[in-house]
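Next come the chains, spelled out residue by residue.
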Amino acid sequence: MHLDTFETDPLPTESPFWSLPNAFITPHCSALTPQLRSRIVKLFLDNLTSYQRGEKLRNIVDKNVGY
């Protein structure tokens, strides 16, 4: 599991989250990579093609869930 948002920010050093064997704790900026813009453009173009074909889009927000 990948965690980057907590009720208390920054995450205190004594937090039990730090010792979880199945979790990666990263800063909010961890998604910023040299490939970010090309990935965003690819997703947009993929969704545009899917939209034009009447197909299901990727990464649709579920407003009932909140993300």
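What counts as what
Residues numbered from 1 in each chain as written. Predicted model: local features only at pLDDT ≥ 70, side-chain atom pairs only at ≥ 80, totals over all residues. Heavy atoms only, no water. Helix = DSSP H or I, 4+ residues; strand = E, 2+ residues; numbered from the N terminus. Rg over C-alpha atoms; globule rule 2.2 N^0.38 Å. Contact = heavy atoms within 4.5 Å. Areas by Shrake-Rupley, 256 points an atom, 1.4 Å probe, with all protein chains shown as cover. Lys, Arg positive; Asp, Glu negative; His and termini not counted. Charge placed at Lys NZ, Arg CZ, Asp CG, Glu CD. Buried < 20%, exposed > 50% of the residue type's maximum accessible area, 1.4 Å probe, protein only. Polar contact = N/O pair within 3.5 Å; in protein donor to acceptor, adjacent residues only side chain to side chain. Salt bridge = Lys/Arg side-chain N within 4 Å of Asp/Glu carboxyl O.

Visitor: Which parts of the structure should I look at to understand the overall build of the chain?
Guide: Secondary structure summary: the chain contains one helix and two strands in total. Computed over C-alpha atoms, the radius of gyration of the chain comes to 17 Å, more than 25% over the 11 Å expected from 2.2 N^0.38 for 67 residues, which places it beyond the range of a compact globule. Along the first, second and third principal axes, the C-alpha atoms of the chain reach 50 × 35 × 20 Å. Residue pairs at least 24 apart in sequence account for 9% of intrachain contacts in the chain once pairs closer than 6 positions are excluded. For the chain, the accessible area works out to roughly 6200 Å², and carbon and sulfur atoms hold 60% of it. Distance between charge centroids for the chain: 16 Å, based on 7 positive and 7 negative side chains.

Visitor: Sorry, what's going on with the side chain of Ser15 here?
Guide: Relative to the helices and strands, Ser15 resides in the loop between strand E1 (2-3) and strand E2 (24-25). Judged by its relative accessible area of 11%, Ser15 falls in the buried class. From its side chain, Ser15 meets the backbone nitrogen of Phe17 in a polar contact 3.2 Å long.

Visitor: I keep staring at the pattern of salt bridges and nothing clicks. Help me out?
Guide: Oppositely charged side chains may form a pair once their charged atoms are brought near each other. Counted according to the given criterion, the structure contains two salt bridges. Put simply, Lys42 and Asp46 hold a salt bridge, and the shortest N to O gap is 2.9 Å. With Lys42 and Asp46 both in helix H1 (residues 36-53) and four residues apart, the pair spans about one turn of that helix. Exposure remark for Asp46: the relative accessible area of 26% places this residue in the partly exposed category. Note that Arg58 and Asp46 form a salt bridge whose closest N and O atoms lie 3.0 Å from each other. Of this pair, Arg58 sits in the segment after H1 while Asp46 sits in helix H1, placing them twelve residues apart in sequence. Taking relative accessible area as the criterion, Arg58 reaches 44% and is therefore assigned partly exposed. Via salt bridges that share partners, Lys42, Asp46 and Arg58 belong to a single interconnected network.

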